[in-house]
Amino acid sequence: MTDGSFHPTRWTLVLRASGDGTEAGQALSDLCAAYYGPVVAFLRRGGRDEDSARDLAHAFFAGLLSNGVGAPDPARGRFRSYLLGALKHFVSKQKQAALAQKRGSGAEHVSLVSENDTSPGTPEPADPNEEDQAAIFDREWAFTLIARALAALEKENVSRPAQFAALRPWLDGHADGASQTLAARELGMNETALRVALHRLRVRFRELIRAEVAATVRDPGEVADELRHLVEIVSEGR
């Protein structure tokens with residue numbers, strides 16, 4: 001997939017329709033489902049246990065799917081950036097509501113979106129752990145994207161399960177100490193044929209990763225930058 005072949009994908013469809021319509025709603029639902037994991041990781045990093053984080057994530061996504069994306073800032077053209085901004089805003093409003101309830105007023109109304117907001121993604125003032133939480137979110141996002149691309153690649157190779165399983169360690173970074181000579185022998189292939197098969201898988205894997213990235217940006221020019229960012233995040237996490 002090249003920038004020249006860029007076409008409306010899930011996020012661009014959502015933005016073009018401002019979150020309205022059946023297609024845009026389904027596209028947003030697909031994106032939310034795909035990147036549920038990074039949201040839970042972000043909430044866990046805030047000190048919540050697994051169940052509390054998942055409950056809050058469900059509430060966040062329910063509101064997002066119900067209300068749509070509003071009018072996202074064009075500068076925040078990546079779904080990753082938009083989602084993190086919206087999540088921070090949601091968590092901040094939840095804290096305000098909890099504080100108001102704790103004070104016992106019971107009468108104070110806290111809106112999920114302030115009167116000055118132009119988008120659910122408008123960030124609230126940063127808390128001391130915001131930078132660390134954002135790094136966790138981006139790292140989980142990167143690993144989720146890679147996992148989705150790898151799952152798609154495995155599905156494409158369903159007719160060759162043994163070969164894919166044998167070559168997978170060289171795709172997902174778990175090939176430390178693995179022997180291509182041994183893998184070739186177990187598959188009944190010579191080493192040259194195995195290297196060719198692995199090269200083809202790697203090329204297709206990169207294409208699928210790129211396609212996953214393209215689905216979450218609004219402009220083809222952002223794909224390369226987003227890929228570089230995600231590679232840096234993954235490298236730092238190892």
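All figures in this text were calculated on a predicted structure; none of them were measured in a lab. (Residues numbered from 1 in each chain as written. Predicted model: local features only at pLDDT ≥ 70, side-chain atom pairs only at ≥ 80, totals over all residues. Heavy atoms only, no water.)

Glancing now at the packing of helix H4 (residues 50-67) against helix H5 (residues 79-102). Between H4 and H5, the shortest axis-to-axis distance is 11 Å and the interhelical angle comes to 115°. Considering their axes alone, H4 and H5 lie roughly perpendicular with respect to each other. With respect to the hand of their crossing, H4 and H5 are arranged in right-handed fashion. Side by side, H4 and H5 meet where Leu56, Ala59, Phe60, Phe61 and Leu64 of the first sit next to Tyr82, Leu83, Ala86, Leu87, Phe90 and Gln94 of the second. (Axes fitted to C-alpha atoms, helices over the stretch in contact; angles between N-to-C directions. Helix = DSSP H or I, 4+ residues; strand = E, 2+ residues; numbered from the N terminus. Parallel < 35°, antiparallel > 145°, perpendicular 65-115°, else oblique. Left-handed = near helix turned anticlockwise from the far one by under 90°. Contact = heavy atoms within 4.5 Å.)

Residues Val39, Leu43, Phe60, Phe79 and Leu83 are the most contacted members of the largest nonpolar core, which totals 59 residues. In terms of residues, this core owes the most to one element, helix H9 (residues 191-214), which gives nine residues. If we skip the residues at most four places from it in the chain, Leu43 touches Arg48, Ala53, Leu56, Ala57, Leu87 and Val91. (Core = buried A, V, L, I, M, F, W, Y, C linked by side-chain atoms within 4.5 Å. Buried < 20%, exposed > 50% of the residue type's maximum accessible area, 1.4 Å probe, protein only.)

Another point: the confidence of the model for the chain. In low-pLDDT regions, the fine details of the predicted coordinates are not to be read closely. Summary statistics for the chain give a mean pLDDT of 83 and a share of 80% for residues scoring 70 or more. A low-confidence stretch, residues 1-6 stays under pLDDT 50, and its non-local contacts, those more than four residues away or across chains, total 15 contacts. (pLDDT = per-residue confidence, 0-100.)

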